[in-house]
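# Fold and geometry: a report
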Amino acid sequence: MDSEYEVNSKRGRGGPAASSPSSAPGEKSCIICSSRTPVSDIASPRDLASWQSLYKAAELHKFEPILEFEEYLDSVPEIYYHKKCRANFTSKKTLEKLQEDQPGTSGHEDELDYSVDEDEEEEEDDDDDDDEVDDSDNRANRNKSSLKRGSDELLAQSGAVSNGSIMSPAANHADNNNDAKKVKLDTKNPGAPSRVIHIRNIPNEVTEAEIVHLGIPFGKVTNVLVLKGKNQAFLEMSDEVSATTMVNYFTNCTAQLRGRAVYVQFSNHKELKTDQTHSNAQNPSAQAALQAAQALVNQTDTQGGPNTVLRVIVEHMIYPVTLDVLYQIFSRVGKVLKIVTFTKNNTFQALIQYPDVVTAQAAKMTLDGQNIYNACCTLRIEYSKLSNLNVKYNNDKSRDYTNPNLPTGDPTLDSALAIGGMQFTGMPLAGVTPTAAALGAAGLRLPGQPSANCVLLVSNLNEEMVTPDALFTLFGVYGDVQRVKILFNKKDNALIQMSEPHQTQLAISHLDKMKAWGKQIRVTLSKHQTVQLPKEGQPDAGLTKDYSNSPLHRFKKPGSKNYQNIYPPSATLHLSNIPPTVEEEQIKDAFSLAGCEVKAFKFFPKDRKMALIQLGSVEEAISALVKMHNFQLSDSSHLRVSFSKSTI
């Protein structure tokens, strides 16, 4: 979301605030009518049920300002509204009319109370950007040991396993508009546990097989119905025990389909039936998915037999992938018994053992071809020829989760563990629980765990030379910069907000302690979650800029090939997008006019749209990149500049 949020910790709410950054002190914006109002005249959801009822009303209205808070359905975001606005927005008559106009919207089955909340006073939690810098050097030293270059503590913003894009709901398909009406459902005891499971917010492209494989680890799947136009599905299990296990599991761990969070709950209905026009006998994909599930269930007694061990190959591994990250990811599908990691043919690989074929099959179907991080670290999964893994040591290379008493293979560490009576139970070797970063990398989040940080603190800048645009260009080599703020009272410090957490790690890894503009800059994580834009009337002197809509972002396309060409600063720059009419001397002259001393230049032999240019030093190359990236070479061509791994 583009708006800037505050977290009011005094109220203990899990979601973000939706107060407008430009609201005057003591005022809040009504999320429904957008008008500003004194805090005393405005209300907010008093509990989770109140918030969820407002959200369901927003779904009928298709009201985007509230629907943007979809990821906070399990916690109460700090939003505000007039009582009258909510009363009109959630009136039963209005919602019934909307429901009549939108066939099939009864998919959200549980009825909620749409009553207006009582007033609750809100307290502002104002944070000053400048106070962060006072201890920046100390924090930089503390972070030195934990923020390793290319560390395994990298994050994916919405969960690590993704297909490189976030799916958004598409318009309802005409063919599906009446799907929910065509489904015959036997309703008994609404709200009670049921063997029919309701799954919502599914991507339009999801197949019946993908829905079925959500349920495979939990028991026999007997029926499935996907309402693509409604972004919903129904899954029928063979018994309530299996359904309850599935719902309980996904209550604590968000389910994902094609990189998108989906919500799993009991249906009001006890049995899923379809009429002749919607029978799975007429749906080959649903029939195939159910047959495959049945075949797998018939093999559940093959404990430790063939196909319980998966061979996992991590392709295009820009960031290191650790055993603990793999454990967190693969544990989402089912219980992991053992993991062994190794490198073969310069490729990181792992063997992962599950207790049965069903879980292994589900893991393969769910995770094969997915990315741990955006557009990189792709999982390729096949069945191993091994039927059982023989793990000798519990360390950072191998782990037997069924036997925590195994030695580490390090005599010193084993002695210490024996004296202390410690055991390995799937935790990192340091003896601490997995970090928030490692859990985020696996797409998991613990209750109360803060969201991943995308904001960097850059210190020891040359305040006479640095500008927001210069920082945008330099840090834009390693991620899409959203906002830059040079601190008003400490102009040798700046806050830079990246679009994704792993981009902050890339920037730290490649730019921390680099010499730029005559000084060695320091790059660390900031304590801030966002970079705030100045309020109306607040003096800023152009020190804060918003680049969220910049056309110069290098990684805005899902799966961008630019992720494959990220290198540390070097004296040689890679140039691209050169028009065929531009000659070597023109480019060298342009660099010289910008104050850059060119040492060597070379066009690519097979592609004159690209070239290498060598400067006198890494610092000079950094300066040249900042000055020459997006330099206009012709009426329709702008130069693209990045660091090169090659030399001339």
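Here's what I pulled together on the structure shown here. The structure presented is a predicted model; accordingly, all values stated were derived computationally and were not measured. Along every chain, residues carry numbers that run from 1 in the direction the sequence is written. Given that this is a predicted model, residues contribute local features only at a pLDDT of at least 70 and side-chain atom pairs are listed and counted only at 80 or more, while totals for whole chains, interfaces and linings are drawn from all residues. Note that water and hydrogens are dropped before the side-chain values are worked out from all heavy atoms of the structure.

Sheets are built from strands that pair by backbone hydrogen bonding, the pairs being arranged parallel or antiparallel. Being paired, for any two strands, means DSSP has found at least two bridges between them. By definition, any uninterrupted DSSP run of H or I lasting at least four residues is a helix, any uninterrupted run of E lasting at least two residues is a strand, and each is numbered from the N terminus. Ordered in space as β24-β25-β23-β26, the four strands form an open sheet in which the pairing is antiparallel. Strands at the two margins of the open sheet, each flanked by one partner only, are β24 (598–604) and β26 (640–643). Going across the sheet, the axis of each strand differs from the next one's by a mean of 25 degrees, ignoring polarity. For strand β23 (residues 572–576) and β26, the ladder comprises four bridges, and the chain directions are antiparallel. If you follow Ser 576 over to β26, its bridge partner there is Arg 640. What makes two residues a contact is simply this: any of their non-hydrogen atoms within 4.5 Å. Only the stretch in contact is used when a helix axis is fitted, and all axes are lines through C-alpha atoms; the angle between N-to-C directions ranges over 0 to 180 degrees. Of the strands in this sheet, β23, β24 and β25 (607–615) touch helix α16 (residues 584–593), which is tilted by about 145 degrees from β24.

Another point: empty space enclosed by the protein. The gaps left among the atoms become clear once a water-sized probe is rolled over them. Method remark: on a 1 Å grid restricted to protein atoms, a set of points is classed as a cavity if a 1.4 Å probe fits but cannot get out and as a pocket if it is open with protein on both sides within 12 Å along at least five of seven lines; lining residues have an atom within 4 Å of a point. Grid points are joined across faces, edges and corners, and a volume is the space filled by probe spheres set on the points. Applying the stated criterion across every chain yields a total of three cavities of 30 Å³ or more. For the largest cavity, the calculated volume is near 60 Å³. Every residue lining the largest cavity is listed: Phe 472, Thr 473, Gly 476, Gly 479, Asp 480, Leu 552, His 553, Arg 554 and His 629. Amino acids are sorted into nonpolar (Ala, Val, Leu, Ile, Met, Phe, Trp, Tyr, Cys and Pro), charged (Asp, Glu, Lys and Arg) and polar (every other residue, Gly among them). For the lining of the largest cavity, the class distribution of residues is two nonpolar, five polar and two charged.

For the pair helix α14 (residues 468–475) and helix α17 (residues 618–628), the least separation of the axes is 9 Å and the interaxial angle reads 110 degrees. The angle between α14 and α17 falls in the class roughly perpendicular. Between α14, through Ala 470, Thr 473 and Leu 474, and α17, the contact on the second element is made entirely by Ile 622, Leu 625 and Val 626. In the contact of α14 with α17, the residues fall into five nonpolar, one polar and no charged. Just so you know how the angles are binned, under 35 degrees is roughly parallel, over 145 roughly antiparallel, 65 to 115 roughly perpendicular, and the rest oblique.

What follows covers the pattern of salt bridges. Any Lys or Arg side-chain nitrogen found within 4 Å of a carboxyl oxygen on Asp or Glu counts as a salt bridge. One pass over the structure, following the stated rule, counts twelve salt bridges. Ionic pairing is found between Arg 608 and Glu 583, a salt bridge with its closest N-O pair at 3.5 Å. Placement of the pair is Arg 608 in strand β25 and Glu 583 in the loop between β23 and α16, with a sequence separation of 25 residues. Members of the salt-bridge network, linked through shared partners, are Glu 584, Glu 585 and Lys 588.

We now examine the side chain of Gln 353. With respect to the secondary-structure elements, Gln 353 resides in strand β12 (residues 347–353). Here Gln 353 falls in the buried class, since its relative accessible area comes to 3%. The term polar contact refers here to a pair of N or O atoms within 3.5 Å; inside protein, the definition further demands a hydrogen-donor-capable atom paired with an acceptor-capable atom, and it admits residues adjacent in sequence only when both atoms are side-chain atoms. A polar side-chain atom of Gln 353 sits 2.9 Å from the main-chain amide nitrogen of Leu 389. In this structure Gln 353 touches Thr 308, Val 309, Lys 335, Val 336, Leu 337, Lys 338, Ser 387, Asn 388 and Leu 389, once residues within four positions along its chain are discounted. Burial classes: relative accessible area under 20% of the type maximum marks a residue as buried, over 50% as exposed, and values in between as partly exposed (1.4 Å probe, protein chains only).

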